[in-house]
Amino acid sequence: MNRRIMALSCLLVFMAQMATTIYLPSLPIVAHDFGMSRSYAALSISAFVVGAAAPVVLWGVAADRYGRRGPLLASLALFVVTSAAIALIRSPEALLALRALQGIGAGGAAIIARILVRDRWHGDELAKRLSVLSIAFITAMGGGQFLGGLIGRYSHWETGFAVLATVGAVAALLTFTVPFESSRAVQRPSEVLRICLAISRQPAFLLPALAGGAGFATIVVLQEVSPFVFQQHFDLATDQYGSLGLLLGAAYFGGAMTVNRLVARAGSGRLMAAGSVVMTAAGVLMIVLWSVPGLPDGGALVAFVALYCVTTFGQSVLFPNSMATAVSSQQGHGAYAVSLCGFLQQSMAGVAASSAALLHADLAWATVAAALGAAAWLMTRIAVSAAAPTAVATEGK
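Let us look at the structure shown here. (Residues numbered from 1 in each chain as written. Predicted model: local features only at pLDDT ≥ 70, side-chain atom pairs only at ≥ 80, totals over all residues. Heavy atoms only, no water.)

**Comments concerning the overall build of the protein chain**
Next up, step 1: Counting its regular elements, the protein chain contains 15 helices and zero strands.
Next up, step 2: Overall, the C-alpha framework of the protein chain stretches about 60 × 45 × 35 Å when taken along its three principal axes.
Next up, step 3: In the protein chain, buried positions account for 56% of the 397 residues.
Next up, step 4: For the protein chain, the share of sequence-separated contacts (at least 6 apart) that also reach a separation of at least 24 residues comes to 87%. (Helix = DSSP H or I, 4+ residues; strand = E, 2+ residues; numbered from the N terminus. Buried < 20%, exposed > 50% of the residue type's maximum accessible area, 1.4 Å probe, protein only. Contact = heavy atoms within 4.5 Å.)

So this is what it looks like as structure tokens:
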């Protein structure tokens, strides 16, 4: 049963992430096909992220009220229908609207996937299981971008959305092979709001959740600007840019395996702090990279790819530990904690992505990425410092 639940959860996370990465290599082509500016095309990434963030708490409430299966199937149905529709439309406005709706479906599926995992595990074991979900994220990040590059070269970008619709349909079928937790007592809207506010006021939840959100926002910023940086600044072909996804996937895999092997010994707090330090250092070096005048394109390309991979590694260490630390502090309201954590993190990523759509200068977006990494480090440090006296007191008892 545990293996089936992990397999389904991994597929859901894979599907939600691939909805971005399979699309990235073709983003400049989409801008050309629709006659859109770079900023307008980038908003199709932002629309997806914001759509995924907006109703996350409502998905969590629905999962408690109606059980996990019904809301999950509803989110998958929305994802499949909108993915198929995007492959058929020819209007820039319709593209943005459908991407937002697709994000709503993907966000619901991804958060319920994490709720399924939270139902069965907690603490460091939860961090270990979430690191397994990170492997699905990795596969979508690297494999999705690679597949998107091949689609951009040998087919057309609409093919990617047909692939997404197929994956969503397969996930819907697999839900019938897994037992789900039943519905719980219905909470009034005022009670739901009270619970969420109570959770959000607790530093043990809020600080790790925000740290993970800052890290996730950094990755989303890089994903949004990278197609234009690699294909227009460095003149890489669509499939060459897609192939870089394999390097990013390898970096994320390295971080996920680091968490999987070390979390039992080092603890979630230390690994969370280590990931944020790595991301901050990489962000500062990106500022240095784009500040050096006259750097040869070949050297700048290698340096940027390396720093992108280091940032990805840091995020893969930070993210599962931040979520595990945040939601494990809430024993009585696991689904609400997971959905609220997802809402905060997706919202931060959405705001960052919307801002990055307006930043065309390399130094400008690199500064934003570095600032987000530094924010993650600062919040992680405060969270770990606050947790240390509690841990010592507990050991003393």
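**Side note on the nonpolar core**
Next up, step 1: Counting residues in hydrophobic clusters, the biggest one holds 120 residues, and the most contacted among them are F205, F230, F304 and W365.
Next up, step 2: Apart from residues no more than four positions distant in its own chain, F205 is found in contact with I199, S200, A326, S329, Q330, A337, L340, C341 and L344.
Next up, step 3: Among the nonpolar cores identified, the runner-up in size contains nine residues, and L207, M272, L318 and A376 belong to it. (Core = buried A, V, L, I, M, F, W, Y, C linked by side-chain atoms within 4.5 Å.)

**Some words on a nonpolar patch on the surface**
Next up, step 1: Among the surface-exposed residues, V284, L285, V288, V292 and L295 lie close enough to one another that they form a single nonpolar patch of about 380 Å² accessible area.
Next up, step 2: Within the fold, L295 resides in the loop between α12 (268–291) and α13 (297–328). (Patch = residues over 30% accessible without salt bridge, like charges linked within 9 Å, V, L, I, M, F, W, Y side chains within 5 Å. Areas by Shrake-Rupley, 256 points an atom, 1.4 Å probe, with all protein chains shown as cover. Salt bridge = Lys/Arg side-chain N within 4 Å of Asp/Glu carboxyl O.)

**Structural notes on the side chain of S9**
Next up, step 1: Inspection of the secondary structure assignment puts S9 in helix α1 (residues 2–21).
Next up, step 2: The exposure class of S9 is buried, given its relative accessible area of 0%.
Next up, step 3: If we ignore the near neighbours within four places in the chain, the residues touching S9 are A113, L116, V117 and L133.

**Observations regarding the pattern of salt bridges**
Next up, step 1: What the rule picks out here adds up to two salt bridges.
Next up, step 2: Between R90 and E158 there is a salt bridge, with the nearest N and O atoms lying 2.9 Å from each other. Separated by 68 residues along the polypeptide, R90 in the loop between α5 (69–86) and α6 (92–120) and E158 in helix α8 (residues 158–174) bring together distant segments of the chain.
Next up, step 3: Measuring nitrogen to oxygen at the nearest pair gives 3.1 Å for the salt bridge that ties D239 to R153. Of this pair, D239 sits in helix α11 (residues 238–266) while R153 is found in helix α7 (residues 123–154), placing the two residues 86 residues apart along the sequence.

**Focus: the packing of aromatic side chains**
Next up, step 1: Tallied over the full model, the rule gives twelve aromatic pairs.
Next up, step 2: Where F234 meets W290, the ring centres are 6.2 Å apart and the plane angle is 35°; that geometry is what we call tilted. Placement of F234 in the loop between α10 (203–233) and α11 and of W290 in helix α12 is noted, with a sequence separation of 56 residues between them. Each of the two residues, F234 as well as W290, counts as buried.
Next up, step 3: Here the aromatic cluster, defined as three or more aromatic residues joined through ring pairs, consists of F230, F234, Y241, W290, F304, Y308 and W365.
Next up, step 4: Geometry around Y23 places R99 over its ring, the cationic atom sitting 4.6 Å from the centre. (Phe/Tyr/Trp six-rings, centres within 6.5 Å; stacked < 30°, edge-to-face > 60°. Lys NZ or Arg CZ within 6 Å of the ring centre and 35° of its normal.)

**Observations regarding the packing of α10 against α13**
Next up, step 1: Running from amino to carboxyl end, α10 crosses α13 at an angle of 155°, the nearest separation of the two axes being 9 Å. Relative to α13, the element α10 is oriented roughly antiparallel. With respect to the hand of their crossing, α10 and α13 are arranged in left-handed fashion. (Axes fitted to C-alpha atoms, helices over the stretch in contact; angles between N-to-C directions. Parallel < 35°, antiparallel > 145°, perpendicular 65-115°, else oblique. Left-handed = near helix turned anticlockwise from the far one by under 90°.)

**Description of the packing of helix α4 (residues 56–66) against α6**
Any two packed helices are characterised by how steeply their axes cross, that is the angle between the axes, and by the distance between the axes.
Next up, step 1: At a minimum axis distance of 9 Å, the contact between α4 and α6 shows a crossing angle of 50°. Judged by the angle between their axes, α4 and α6 are oblique. The two elements α4 and α6 cross, and the hand of that crossing is right-handed. Contact residues: V56, W59, G60 and A63 in α4; I104, G107, G108, I111, I112 and I115 in α6.
Next up, step 2: Of the residues contributing to the contact of α4 with α6, the split by class is seven nonpolar, three polar and no charged. (Nonpolar A, V, L, I, M, F, W, Y, C, P; charged D, E, K, R; others polar.)

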